[in-house]
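# Residue-level structure breakdown
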Amino acid sequence: MRLRVEHKTHYTYNEPVPYALQQVRLRPKSRPGQTIVDWDIEVRGGQVEVAFEDEHANSVDLVSFTPGETEIEIICRGTVDVDDHNGVVGPQGGYVPLWLFQRSTDLTKLGPQLEALIASAKQDGSPLEILHGLSAHILTAVPYSTDQSAADLTAEDVLSAGHGVCQDHAHVFITCARALGFPARYVSGYLMMDDRIDQDATHAWAEAHVPELGWVGFDISNGISPDARYIRVATGLDYRGAAPISGLRFGKAGEAMSVALQVQQQ
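Below, the structure is looked at part by part. For every chain, the first residue of the written sequence is number 1, and numbering continues from 1 along that sequence. In view of the model being predicted, local features appear only for residues whose pLDDT reaches at least 70, and side-chain atom pairs are presented and counted only at 80 or more, with totals across whole chains, interfaces and linings using the full set of residues. Note: side-chain values were computed over all heavy atoms of the structure, leaving out hydrogens and water.

What follows concerns the sheet that holds strand β12 (residues 230–236). Spatially, five strands are ordered β7-β11-β10-β8-β12 in an open sheet, and the strand pairing comes out antiparallel. Two strands close off the open sheet at either side, each with one partner strand: β7 (88–90) and β12. Sheet twist, expressed as the mean angle between neighbouring strand axes with direction ignored, is 35 degrees. Any two strands with at least two DSSP-identified bridges between them are counted as paired. Here a strand is any run of E in DSSP of at least two residues, a helix any run of H or I of at least four, and the numbering for each starts at the N terminus. Bridging between strand β8 (residues 184–191) and strand β10 (residues 203–210) involves six bridges; their strand directions are antiparallel. Its bridge partner being in β10, Gly 189 is matched across the sheet by His 203. Think of each axis as a best-fit line through the C-alpha atoms, taken over the contacting stretch in the case of a helix, with angles from 0 to 180 degrees between the N-to-C directions.

What follows is the structure in structure tokens.
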């Protein structure tokens, strides 16, 4: 399937920003099952200082603000061919060892509620059966809801809230999968929805490393493994390692952000 993406992220500030840098992980890469036909990033109110690959082999553009700006816009446009591999990504690549993906982070620490969730999940069958069962069990325990959108909720906090978005589901799944002995990681990217073209956010899901298959994706929020509607952009131990945009700035300016995103079949 050929997908076309147009993604605009617009930041405004209530006073001039003297200096700011942003790490932008919005450039997908060609890999088995995914071929980048064309992709371009445009920055208004700043410039790309350097492009590099991080420790997870994500493509990163380091963007600086023009000093004194009160707004900056990052625009991504591109076309990607995607095949349906039933969520199977394949062997580990990048620059970090597989065992690193069993390490917890601040957002994926195991707590008593998560331990209880794991204990109540089905743990017999093949690795794939266990992981698909875990995904379904999480969605039952934590229904999808946009009532909260905080980016800093831990997996344990998500269970306390009792609902969450795709980012929250991914963190809970990653934490539980690691506790069951599976290396697991966070994935950020794009999803072509069946009922709309315009969206207000990128998508997120999780991957677990399964013997003999390698990395396999699980979209907990939608109850499936990623298919030809999904574009993988970045991976990390959690959201912070794969965030589409993160950075720092000097000064006390207040920030507002808006996102306009379109994903459609070309």
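Once the structure has been displayed, the description carries forward.
So, on to the packing of aromatic side chains. Aromatic rings from Phe, Tyr and Trp, taking only the six-membered ring of Trp, are treated as a pair when their centres fall within 6.5 Å; an angle between ring planes under 30 degrees marks them as stacked, one over 60 as edge-to-face, and anything in between as tilted. In total, this model carries seven aromatic pairs according to the counting rule given. The interplanar angle of 80 degrees and the centroid separation of 6.0 Å between the aromatic rings of Tyr 186 and Tyr 239 together place this pair among those described as edge-to-face. Within this pair, whereas Tyr 186 is found in strand β8, its partner Tyr 239 is found in helix α5 (residues 239–242), the two being separated by 53 residues in sequence. We call a charge positioned above a ring when the Lys NZ or Arg CZ atom is no farther than 6 Å from the ring centre and deviates by at most 35 degrees from the ring normal. Sitting over the ring of Trp 215, Arg 185 keeps its end group 3.9 Å from the ring centre.

An ideal rise of 1.5 Å per residue puts 20 Å on 14 residues; helix α4 (residues 166–179) measures up with 20 Å between its terminal C-alpha atoms. Exposure categories follow from relative accessible area, calculated using a 1.4 Å probe and restricted to protein chains: below 20% of the type maximum is buried, above 50% is exposed, and the middle band is partly exposed. By the criterion of burial, α4 is predominantly enclosed, with 13 of the 14 residues buried. Residue Gly 181 follows α4 closely and has a positive phi angle near 100 degrees. Residue count minus one, scaled by 1.5 Å, sets the expected span of a helix.

Further remarks concern the pattern of salt bridges. Within this document, salt bridges are pairs made up of a side-chain nitrogen of Lys or Arg and a carboxyl oxygen of Asp or Glu, the two lying within 4 Å of each other. Inspection of the entire model under this criterion finds 18 salt bridges. The salt bridge partner of Asp 38 is Arg 4, with a shortest N-O separation of 3.0 Å. Remark: Arg 4 occurs in strand β1 (residues 2–17) and Asp 38 occurs in strand β3 (residues 34–44); sequence separation between them is 34 residues. For Arg 25, the salt bridge is made with Asp 54, and the minimal N-O distance between the two is 3.2 Å. Linking Arg 25 in the loop between β2 (20–24) and β3 with Asp 54 in the loop between β4 (46–53) and β5 (59–65), this pair joins segments that are 29 residues apart in sequence. As far as the burial class goes, Arg 25 and Asp 54 line up, both buried. Here the salt bridges do not stand alone but share partners, grouping Glu 6, Lys 8, Glu 42, Arg 44, Glu 73 and Arg 77 into one network.

Note: most peptide bonds trans; most residues except glycine with negative phi. Its identity is not glycine, yet Asn 86 carries a phi of approximately 55 degrees, on the positive side. For Asn 86, a relative accessible area of 59% gives the class exposed. Even without being a glycine, Glu 212 presents a positive backbone phi close to 75 degrees.

Tracing the sequence through the fold places Ile 41 in strand β3. Counting along the chain gives 170 residues from Ile 41 to Pro 211, while the straight-line C-alpha distance between them is 37 Å.

Relative to β5, β4 is paired through seven bridges, and the arrangement is antiparallel. Residue pairing in the sheet places Val 50 in a bridge with Leu 62 of β5. With antiparallel pairing between neighbouring strands as the criterion, β4 and β5 make up a hairpin whose turn holds five residues, including Ala 57 at a positive phi of roughly 65 degrees.

Sheet architecture is open: five strands sit in the order β3-β6-β1-β14-β9, paired in antiparallel fashion. Looking at the sheet topology across the chains shown, the edges are occupied by β3 and β9 (198–199). One ladder, built from two bridges, connects β9 with strand β14 (residues 255–265); its direction is antiparallel. Within β14, the position partnered with Gln 199 by the bridge is Leu 261.

Keep in mind these values describe shape, not function.
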